[in-house]
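Analysis of the macromolecular model
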Amino acid sequence: MTRVETQDRRQQAPRRSLTRRLWRAAPPGLRQPLGLVAALVAAAWLVICLIGPVIAPHDPLAQELPRFTPPGEIAFLGTDELGRDLLSRILAGARVTIGLSLLLVCLSMLIGSVLGLLAGFFGRWVDETIMRFTDLVLAFPTVILAMVTAAALGASLFNAVLAALVVSWPPYARVVRSIVLGLRGNDFVFSGRLLGFSAARSIRVDILPNTLGPTLVLASLDIGTAALLLSGLSFLGLGAKPPTPEWGSMVSAAVSHFDKWWLGVFPGLAILTVVMSFNFIGDALRDALDPGVERR
Amino acid sequence: MTAPALRIESLSLGIRGEDGLTPILDQVSLDVGRGEVQGLAGESGSGKTITGLTVIGLEPAKSEVTGHIWMDGDDLLKITGSALNAVRGSRVGMVFQDPGTSLHPQLKVGAQLTDHVRYHLKVGKGEALDRAAAALDRVGVGGGRDTLSRYPHEFSGGQRQRIAIAIALACDPAVLIADEPTTALDVTVQAGVLALIRSLVDSLGLAVLFITHDLGVMSAVADRVAIMRHGRIVENGDRRQVFTAPAHAYTRELLASLPGAAGGLRSREDLARIDPFGAGEGSGEGQGERSAP
Amino acid sequence: MSLASPQPDAKGRRGGGGRHAALARYIAKRLVIAIGLLFGMTLVTFCLTNLVPGDPVAAALGQRAADDPETVARFRAEYGLDQSLPAQYVAYLGRLIHFDLGTSWQTHRPVSADLAKAVPATMEIAFGAIVCAAVIGITFGAWSAYRRGRLTDQSLRLVSLVGISLPTFWTAIVCFYVFYYRLGWAPGSGRLTPGVAAPPRVTGMYTVDALLAGEWRTFVDASAHLALPTLVLTLYTVGLLTRFSRTSILEVLDQDYVRAAKAKGLPGRTVFFRYVLRGAAVPILTVVGLAFGSLLSGTVLVESIFGWPGLGSYAYQASSKLDLLAVMGVGLVVGLVYLCVNLVVDLAYGFIDPRVRVGR
């Protein structure tokens, strides 16, 4: 508590240019230098997703360089145990990890929202069944359940996404359900029903638009988690199969060659920067909209 | 005439924000004498609560304060840190609006009644508990040690506010700041709490700064009434004079909009009929539920 | 003037006895839910083991054996795969009750025997890490909340965001490389230096057992080996705990009772420990429970890197070889541990928050 002895000086309202106003409209989290950096990093990775293989100096699968070359002139980030160029593999791997993470987030948002909507809107046994199922999924630590599911399905990238999907929809279902429950008691939804609008119309017009904001914030925070989960499954050998340039499985190659530090460090840094930038953006969005998704 | 227990002298306060300084209080001056209830009334947002909080140094963050708050020759605005802590709770007690939120739900009543007593008066646990039981007796919540081992949610709203008053008075402060102490209570319980405050003023010689938006409550409990608007005191005077012959147009406006006041209280005479120790307070369940946020 | 007797409302009048009965009801309710979840978990692992597309025989025996019809028939009969599904589930539960989780085809030992060895090793890191992460996380969270919006808050926010974004398996490799290979500060992989004998088994946690046996040297050695995995898992969860503690404490700092405590003139320290922390205890405890789950996930990803013979290494080897029964065993055990932790957290609410006891 500062007690400053100053006279009441009314400041003049500063004049604001257009750029300044745009700046103020952006989520506060992104207005700091670090937020800007995060946005730029995320954008850069998205670009690499699109053009990665084109700008890669080598074929990510070709075993054409000396094995275990340290970073240097021959290969900027070194080569792996089969003589493949690490930089090229990381660039090509962006598509796999980021692309699948985005896909995973979209799918879990879709499935979770639908289930949450059904639970919240129809209530009773529908709600009871869906929510008990949600509880059951949440009763396992996520990576463990994903690992178990992926192992049962068999190791492949597709199955890894499927397994990750099994564990990542519940938060969406919970958030959407609670919003729907809140809205269902609201007058405007009730009056719509009184006017004889169908359940479908009520959902489409009155409810869906209101669930969009919070789910999108949740999704933006979830991209990083999805990337960590998928690369983790691949690290365990339950995702990408050997020649595929996937960051998690690239790190796992370093387990048996930990003295060759570059094998693990660079793909790991790729994961870290992707996850961090998306987390930062999601965080800024959440602060801006604050739908209270942090509360369970 | 002796010096007032609390003298607020040309207190101004502004909050520093992105758009410069927003003025909240403007040259507020008030005297609260011993054995006297100084009322401070006004609409919400008029700055009356902030006035009360500023006295004990709990003004909002980024506030810039000027003026003086005198107590026994000390300017409270010049005091900071542990010296300020020594004033709070010990020389000035404070009662907040809603006892449902101002008492910690997870701490026993006894703990909340004794921790500041032990800190301020440097007494042991046993003596603090004795004082706490005595303080509870004084506000009409008996039951002694048994009451001390209960949690706030086990009491009705009126009793919770009595406990909050007991906490505020446990260290025998000279001044009590009561910020809307009856607003969150059921109408039927309000009168009892008001009668309690009045009887404490009369028996202990307490100086009370009583903040409320409810002029009916004000007319029942206050000796002097100040009317606040937009952070400024527009009228301050004897209760009878302010209510019967208001000098300021705004006061007249307020009085005109006064409906049949809370609990049917309109005057000190009404209050005198109320038992301050709660016999009129029903023990019905749910009366403690919050009636205002 | 009549000094009225106290008038506790109906709840209060029931007194101490009512309070205990409510607490008992609360505990009973939590137990029922936990048992329900336990059954749900077995159903999940049963379904995954038996119903998933793909041949469980091939998964359990390997493709070569699955091509031999006689082996397949024997296997199906042995595991009751020729019976109806409910019958199979009942048989599965029956086996679980006898701790029969099947035989790992990779180690050729019963999965339950493998797990019995692995669980204490994992718990040793997990307990250490959760304690460290909770202490650091709550401290950081509180610090951040008190300095809301200032430089400290911003920096801690960055730190916790980095923490949340770290791929654990990568952190583990980097830490191992730096602290063991480069700097030589940490001992190598495993739970003990080769040549140091394991202490007599009581809990299976070497540090505890060494202390119990009074083997000081073994204790120091075991602790040294414990340091790096614990550090990595602490890093993994501390970000999460910092963020949630910050949010919870910020919420409590806005409460009236904190302002009232300040108005009582209590020093900041007392206000924090007595009022703020107590008010934030329930949400923080919830997150500590959640964090324990993510920590167990983390062990699966990092143990193999440190050659730590716990659940994680076992799961890592099992999943990379698609040893399905072993993976399911790990899933079930970890699920069970997590369930117990959450149950403890739920029960702790009953003691922290008196309102829970009266069924609010």
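Coordinates for the structure precede this section.
Residues numbered from 1 in each chain as written. Chains lettered and ligands numbered in written order. Predicted model: local features only at pLDDT ≥ 70, side-chain atom pairs only at ≥ 80, totals over all residues.

1. A short note on the overall build of chain A
For clarity, the threshold we go by: Going along the chain from the N terminus, every DSSP run of H or I of four or more residues is numbered as a helix, and every run of E of two or more is numbered as a strand. Exposed residues have 12 or fewer other C-beta atoms within 10 Å of their own C-beta, buried residues have 20 or more, and residues in between are partly exposed; the C-beta atoms are placed from the backbone. Any two residues are considered in contact once their C-beta atoms, placed from the backbone, lie within 7 Å.
Counting secondary structure elements, chain A contains 12 helices and 0 strands. Classification of the 296 residues of chain A by burial places 48% in the buried group. Long-range pairs, those at least 24 residues apart, make up 69% of the contacts in chain A between residues at least 6 apart in sequence.

2. Focus on the interface of chain A and chain C
Taken together, the contact pairs 44 residues of chain A with 46 residues of chain C. Counting only elements with at least two residues in the side of chain A that touches chain C, the list comes to helix H5 (124-138), helix H6 (142-153), helix H10 (199-235) and helix H12 (261-289) of chain A.

3. A short note on the packing of helix H4 (residues 86-122) of chain A against helix H7 (residues 157-168) of chain A
Residue and element names in this part refer to chain A. Note the cut-off: Only the stretch in contact is used when fitting a helix axis, every axis being a line fitted to C-alpha atoms; angles between N-to-C directions are given from 0 to 180 degrees. When an angle is under 35 degrees it counts as roughly parallel; over 145 it counts as roughly antiparallel; between 65 and 115 it counts as roughly perpendicular; any other value is oblique. The handedness criterion is simple: a crossing whose near helix is rotated anticlockwise from the far helix by less than a right angle is left-handed, and one whose near helix is rotated clockwise is right-handed. Under the scheme applied, nonpolar residues are Ala, Val, Leu, Ile, Met, Phe, Trp, Tyr, Cys and Pro; charged residues are Asp, Glu, Lys and Arg; polar residues are all the others, including Gly.
For the pair H4 and H7, the least separation of the axes is 10 Å and the interaxial angle reads 40 degrees. Overall, the two elements H4 and H7 adopt an arrangement that is oblique. For the element pair H4 and H7, the recorded crossing hand is right-handed. The residues of H7 that touch H4, namely those facing Leu-100, Leu-103, Leu-104, Leu-107 and Ser-108, are Leu-157, Val-161, Ala-164, Leu-165 and Ser-168. The class makeup of the residues in the contact of H4 with H7 is 8 nonpolar, 2 polar and no charged.

4. Observations regarding the sheet that holds strand E7 (residues 175-179) of chain B
Residues and elements named next belong to chain B. Definition in use: Here, strands pair whenever DSSP counts at least two bridges between them.
Taken together, 6 strands build an open sheet; the order of strands is E6-E7-E8-E3-E9-E10 and the sheet is mixed. Since the sheet does not close on itself, it has two edges, and those belong to strand E6 (92-95) and strand E10 (232-238), each with one partner. Taken pair by pair, the neighbouring strands of this sheet meet at an average axis angle of 15 degrees, ignoring direction. Packed on one face of the sheet, helix H7 (residues 157-169) meets E6 and E7 and runs near 165 degrees to E6.

5. A word on the environment of Arg-118 of chain B
Residue and element names in this part refer to chain B. Here Arg-118 shows up in helix H4 (residues 109-121). The class for Arg-118 is partly exposed, based on 18 C-beta atoms found within 10 Å. Separated by 10 residues in sequence, Arg-118 and Ala-128 have C-alpha atoms that sit 6.1 Å apart. Residue contacts for Arg-118: discarding those within four places in its chain leaves Val-123, Lys-125 and Ala-128.

6. Digging into the nonpolar core
Note the cut-off: When buried Ala, Val, Leu, Ile, Met, Phe, Trp, Tyr and Cys residues are joined through C-beta atoms within 7 Å, the set is termed a nonpolar core. Delimitation of the domains relies on an automatic or database domain assignment.
Grouped together as the largest cluster of nonpolar side chains are 251 residues, with contacts concentrated most on Ala-146, Met-147, Ala-164 and Leu-233 of chain A. Residue-level mapping places this core at the junction of two domains, with at least three residues from each of domain 1 (1-91 + 180-278) and domain 2 (100-172) of chain B. Beyond its immediate sequence surroundings of up to four residues, Ala-164 of chain A is in contact with Leu-104, Ala-146, Ala-226, Leu-229, Leu-230 and Leu-233 of chain A.

7. A few points about the packing of H4 of chain B against helix H5 (residues 125-138) of chain B
All names here are of chain B. Contact pair H4 / H5: the axes reach a minimum separation of 9 Å and the direction vectors enclose 120 degrees. What the angle tells us is that H4 and H5 run oblique. The handedness of the crossing between H4 and H5 comes out as right-handed. Between H4 and H5, the residues in contact are Gly-110, Leu-113, Thr-114, Val-117 and Arg-118 and Lys-125, Ala-128, Leu-129, Arg-131, Ala-132 and Ala-135, respectively. Class assignment of the residues belonging to the contact of H4 with H5 gives a composition of 6 nonpolar, 2 polar and 3 charged.

8. Notes on the sheet that holds strand E1 (residues 6-17) of chain B
Residue and element names in this part refer to chain B. An order of E2-E1-E4-E5 is seen for the 4 strands of this open sheet, with the pairing classed as antiparallel. The open sheet has two edge strands, strand E2 (20-32) and strand E5 (74-75), and neither has a second partner. Strands in contact with helix H1 (residues 48-55) are E1, E2 and strand E4 (63-71); relative to E1, the strand with the most contacts, it is inclined by about 110 degrees.

9. Considering the environment of Gly-205 of chain B
Residue and element names in this part refer to chain B. The residue Gly-205 is located in the loop between helix H8 (187-204) and strand E8 (207-212) in this model. In this structure Gly-205 comes out as partly exposed when scored by C-beta crowding, with 13 C-beta atoms within 10 Å. In sequence terms Gly-205 and Asp-115 are 90 residues apart; their C-alpha atoms lie 25 Å from each other.

10. Notes on helix H8 (residues 170-184) of chain A
The criterion, for reference: A helix is expected to reach a length of 1.5 Å times the quantity of its residues less one.
Here H8 of chain A is 15 residues long and its end C-alpha atoms lie 21 Å apart, about the 21 Å a rise of 1.5 Å per residue gives. Those residues of H8 of chain A not exposed but buried are Pro-170, Pro-171, Tyr-172, Ala-173, Arg-174, Val-175, Val-176, Arg-177, Ile-179 and Val-180 of chain A.

11. Quick notes on H6 of chain A
For an α-helix, the turn length of 3.6 residues means that residues three or four places apart are oriented alike. Residue and element names in this part refer to chain A. For H6, which comprises 12 residues, the first-to-last C-alpha distance of 16 Å matches the rise-based estimate of 16 Å (1.5 Å per residue) to within 8%. Here H6 lies mainly inside the structure; 12 of its 12 residues are buried. For H6, the complete set of buried residues consists of Thr-142, Val-143, Ile-144, Leu-145, Ala-146, Met-147, Val-148, Thr-149, Ala-150, Ala-151, Ala-152 and Leu-153. One or two positions beyond H6, positive phi appears at Gly-154, with a value near 100 degrees.

12. Here we look at the pairing of E10 of chain B
Residue and element names in this part refer to chain B. Looking at chain direction, strand E9 (residues 224-229) and E10 are connected through 6 bridges and run antiparallel. The residue of E10 that forms the bridge with Val-225 is Gly-237. Hairpin connection of E9 to E10: 2 residues between the antiparallel strands, including His-230 at a positive phi of 50 degrees.

13. Quick look at the environment of Ser-223 of chain C
Along the chain, Ser-223 of chain C turns up in helix H11 (residues 216-253). Through-space distance from the C-alpha of Ser-223 of chain C to that of Arg-191 of chain C is 8.6 Å; in sequence the pair is 32 residues apart.

14. Considerations on the pairing of E1 of chain B
Residues and elements named next belong to chain B. In terms of strand pairing, E1 meets E2 through 9 bridges, oriented antiparallel. In the strand pairing of E2, Arg-16 is matched with Leu-21. Count of turn residues in the E1/E2 antiparallel hairpin: 2 residues. Where E1 and E4 come together, 7 bridges link them in antiparallel fashion. Looking across to E4, one finds that Arg-7 is bridged to Trp-70.

15. What to know about unusual backbone geometry
Residue and element names in this part refer to chain B. Located in the positive-phi region is Asp-172, a residue other than glycine, with phi close to 55 degrees. Structurally, the position occupied by Asp-172 is in the loop between H7 and E7. Looking at Asp-172, the number of C-beta atoms within 10 Å reads 15, which means it is partly exposed. Positive phi, normally seen in glycine, also occurs at His-230, with a value near 50 degrees. Secondary-structure assignment places His-230 in the loop between E9 and E10.

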